[in-house]
Amino acid sequence: MEQVTWGWCRLHASLILAGTFTCVDKDEDRVSGLKDGHIPIYEPGLDDLVERNVSAGRMRFTTSIAEPAEAANIAFLAVGTPIRRGDGYADLSYVYSALEEAAPHLSQDVVVSTKSTVPVGTSREIERRLRELRPDLNFAVCSNPEFLREGSAVRDFTHPDRVLVGVDSDLGREVMRRLYEPLALRNAPIVFTTRESAELSKYAANAFLAMKITFINEIADLCEVVGADVNEVASAIGSDGRIGPKFLHPGPGYGGSCFPKDVSALIRTAREARSPLTLIEQVEKVNTERKIAMAQRIEEAAGGSVRDKTIAILGVTFKPDTDDMREAPSLVILPMLQSRGATIRACDPQGRENGGELLSNVAWFADASEAAEGADVLVVLTEWNEFRAVDLAQIRRLMRGDVLVDLRNVYRSAVAEAAGFSYWGIGRGDSAPARTMRSLYQRAALHKSGLQADA
Ligand code: UGA
């Protein structure tokens, strides 16, 4: 089976299932780099996968659409759908221009499938446009959203919870069934739905996960005030099969190229359909505010002000095992600390290059020890494995101050405190912020009961 995709992304390299696969991208530098074996993003396992398939003649890269489009049985639209400036909707201009460029070259019985995350109704619109452009063509349009996470995209692809295919024709169903046969043989569920259901499911899944994270983040705040431990609460509720343990790790707020964009686009779709998702609107608001609250937490940990303080930041990417900085909490937190007078020293195993372009006046270092030298406060922003393995006592000795703000709960508070740190975790009933919050809460409660007694 011959496949072609427009737009390079980590996800589509793993689509090599059967037959051959041509990746078309307009960016000449990117394509010539890929031809030379240079993968433009950091994604564990992707370089091996590409190398293996290129050497076996199953995968190739080009900037020219005509010939691969003509040969294709399946054409994937895999271009970006960023948030449109000003209104929060998904910008579909790249999807439609890829379609227009491909249309004149497509051959009979081709299946055009979206991989890009697109709002409900887009498959129908693609079909309408393609019919107008090529009235002579027999084709099917499918929706085939992906559920891969950055950092584990290759494994997520080979071991999916499900493969979702939205179809409305026998041609689409048959071609997609054949494509995913190798995964079906490994017992991966291949789920066929209507195209609208597939399109909406992608957004609903991301919005649900964003909601789950936001929920545990708020529970973490509550834990601090009432003296509970969020790790214990997450594990207690997560062992209920109806809730599940995944995506219950509190942190500085979700980021990345998907959740913020998809939550925003889903909110717009729902408002337009006059069926607003008030719960998801609140999730978006709480998550935005959380990133600011995390900067304030660092300030509080630093003694109420970061003016003239040096802060060492471990990790700037939105999650580990990626070099992606899109919507990373660091992009809100670092500039806020700088605006309040802090000097920032940072390190990140893969994020230095992209981080360097987006964050100004940051001094970059090779690892945690170098970044920590002379710092007043140490902050863990991204839970890279490298940071779990550090010698905390040695890092403490390199620092001027003794404050450790662990926004990913990477360390145990007892271990950090034994290493000489004043430890500020997230939602840890026994850590410094929890004790501070609790005493504030108790004072407020006493004050309230005093007022009530007076009244
Ligand atoms: C997400 C989804 O998990 C994928 O299923 C989906 O295919 C992808 O978006 C997409 O739409 O393409 P991704 O953005 O790569 O994947 O990363 P996640 O692992 O979902 O993490 C997203 C954000 O949530 C990160 O900032 C992460 O730190 C945060 N997070 C995640 C938490 O704060 N707590 C958790 O328990 C999990």
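It should be noted that the structure appears before, not after, this text.
Residues numbered from 1 in each chain as written. Predicted model: local features only at pLDDT ≥ 70, side-chain atom pairs only at ≥ 80, totals over all residues. Heavy atoms only, no water.

Before going further, it helps to examine the pattern of salt bridges. A side chain with one charge may pair with a side chain of the opposite charge, provided their charged atoms come close. Applying the stated rule across the entire model yields 27 salt bridges. Ionic pairing is found between Asp136 and Arg134, a salt bridge with its closest N-O pair at 2.9 Å. Note that Lys261 is salt-bridged to Asp262, the shortest N-O span being 2.9 Å. (Salt bridge = Lys/Arg side-chain N within 4 Å of Asp/Glu carboxyl O.)

Here the focus is the packing of helix α10 (residues 195–226) against helix α13 (residues 278–301). α13 packs onto α10 with a crossing angle of 45 degrees between their chain directions and a minimal axis gap of 10 Å. The angle between α10 and α13 places the two elements in the oblique class. Where α10 crosses over α13, the two elements pack in a sense that is left-handed. Residues Ala207, Ala210, Met211, Thr214, Asn217, Glu218, Asp221 and Glu224 of α10 lie in contact with α13, whose contacting residues are Leu279, Ile280, Val283, Val286, Arg290 and Arg297. Taken together, the residues of the contact of α10 with α13 sort by class into seven nonpolar, two polar and five charged. (Axes fitted to C-alpha atoms, helices over the stretch in contact; angles between N-to-C directions. Helix = DSSP H or I, 4+ residues; strand = E, 2+ residues; numbered from the N terminus. Parallel < 35°, antiparallel > 145°, perpendicular 65-115°, else oblique. Left-handed = near helix turned anticlockwise from the far one by under 90°. Contact = heavy atoms within 4.5 Å. Nonpolar A, V, L, I, M, F, W, Y, C, P; charged D, E, K, R; others polar.)

Another point: the sheet that holds strand β11 (residues 362–364). An order of β11-β10-β9-β12-β13-β14 is seen for the six strands of this open sheet, with the pairing classed as parallel. Looking at strand neighbours, the two that pair on one side only are β11 and β14 (422–424), the edges of this open sheet. On average, each strand axis in the sheet is tilted by 20 degrees relative to the strand beside it, whichever way the strands run. Relative to β11, strand β10 (residues 343–347) runs parallel, the two being bridged by three bridges. Directly across from Ile344, in β11, lies its bridge partner Val362. Along the sheet, α13 contacts β9 (310–314), β12 (377–380), β13 (403–406) and β14; its crossing angle with β13, the most-contacted strand, is approximately 160 degrees. (Pairing = 2+ DSSP bridges.)

What follows concerns the environment of Gly19. By secondary structure assignment, the location of Gly19 is in the loop between α1 (10–13) and β2 (20–24). The spatial distance from the C-alpha of Gly19 to the C-alpha of Gly57 is 9.8 Å, given a sequence separation of 38 residues.

Next up on the list: the side chain of Thr22. The residue Thr22 is located in strand β2 in this model. Exposure remark for Thr22: the relative accessible area of 2% places this residue in the buried category. Of the polar contacts made by the side chain of Thr22, one reaches the side chain of Arg60; its length is 3.4 Å. (Buried < 20%, exposed > 50% of the residue type's maximum accessible area, 1.4 Å probe, protein only. Polar contact = N/O pair within 3.5 Å; in protein donor to acceptor, adjacent residues only side chain to side chain.)

Attention shifts here to the site of the ligand. Taken together, 19 residues form the shell around the ligand, and within it Leu148, Glu150, Lys202, Asn206 and His249 come nearest. In the environment of the ligand, an oxygen atom lies 3.4 Å from a nitrogen or oxygen atom belonging to the backbone of Leu248. Backbone polar atom of Gly255 to an oxygen atom of the ligand: 2.9 Å apart, as the coordinates give it. Expressed as a share of its isolated accessible area of 710 Å², the protein-covered part of the ligand is 93%. Of all the secondary-structure elements, those providing two or more residues to the shell around the ligand are α10 and α12 (259–272). In terms of residue count, α10 provides more of the shell around the ligand than any other element does, three residues in total. In terms of residue class, the shell around the ligand is built from nine nonpolar, three polar and seven charged. (Near = heavy atom within 4 Å. Areas by Shrake-Rupley, 256 points an atom, 1.4 Å probe, with all protein chains shown as cover.)

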